[in-house]
Amino acid sequence: MNVDLYERIWMWLAGALILVFLGVIVSTAAMGAIQPPSHVETIDPTTVAAHPEFGEPAVKTNADGSVTVSAVAAMFSFTPDPIEVPAGRKVTFRLTSSDVIHGFQVVGTNANAMVVPGYVSQFSVTFDTPGEYVIACNEYCGTMHHAMVGKLIVKREQP
Ligand code: CUA
């Protein structure tokens, strides 16, 4: 089969571009620790307030020293607020919504997840730098979406 020279050049260029794009996806996923959505865990969004874990969302320290944050997003705030966690330790966030889709982004870190009613979003992260961080809702959720912010306090571990 005779393929014109320019046709061949364009085919190779298009093939190379596809490889470049795939490489960008793989490298950003590896360097930014980007993961696909977490395990599928469902929850009835209408009974979140009576749920044993999310009815009283809180920060808990586990036996191995890691920390679990159970938090609820609802128009237009996060509970608990502020959330206080220790620096340098593994923090597992478990998030759910009792109304609409919200976002949960700890600004300046790669902690960022969608909070979808009916599901528990879970991810783990270690904050190395103590300080106060803004938690922003980054999914449009209603008229006061822009005001839906929380605070994360990362405390230095006492020696
Ligand atoms: Cu919650 Cu936007």
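Details of the structure are given in the entry above.
The present account deals with the structure reproduced in this document. What you see is a predicted model, and the numbers here were worked out from it, not measured in a lab.

Remarks on the sheet that holds strand β9 (residues 131-136)
- One open sheet holds the five strands; their spatial order is β4-β10-β9-β6-β7, and the pairing between them is mixed. What marks the edges here is a single partner per strand, and that holds for β4 (83-86) and β7 (112-115). Going across the sheet, the axis of each strand differs from the next one's by a mean of 25°, ignoring polarity.
- Bridging between β9 and strand β10 (residues 149-155) involves six bridges; their strand directions are antiparallel. Looking at the pairing, A136 lines up with V149 of β10.

So, the side chain of R94
- Secondary-structure assignment places R94 in strand β5 (residues 90-97).
- For R94, a relative accessible area of 12% corresponds to the buried category.
- Here E41 takes part through its side chain, which lies 2.8 Å from a polar atom of the side chain of R94.
- In this structure, R94 is in contact with H39, E41, E53, F54, T68, V69, S70, A71, V120, S121 and Q122, ignoring residues within four places of it in sequence.

Conventions and cut-offs
Residues numbered from 1 in each chain as written. Predicted model: local features only at pLDDT ≥ 70, side-chain atom pairs only at ≥ 80, totals over all residues. Heavy atoms only, no water. Pairing = 2+ DSSP bridges. Helix = DSSP H or I, 4+ residues; strand = E, 2+ residues; numbered from the N terminus. Axes fitted to C-alpha atoms, helices over the stretch in contact; angles between N-to-C directions. Buried < 20%, exposed > 50% of the residue type's maximum accessible area, 1.4 Å probe, protein only. Polar contact = N/O pair within 3.5 Å; in protein donor to acceptor, adjacent residues only side chain to side chain. Contact = heavy atoms within 4.5 Å.

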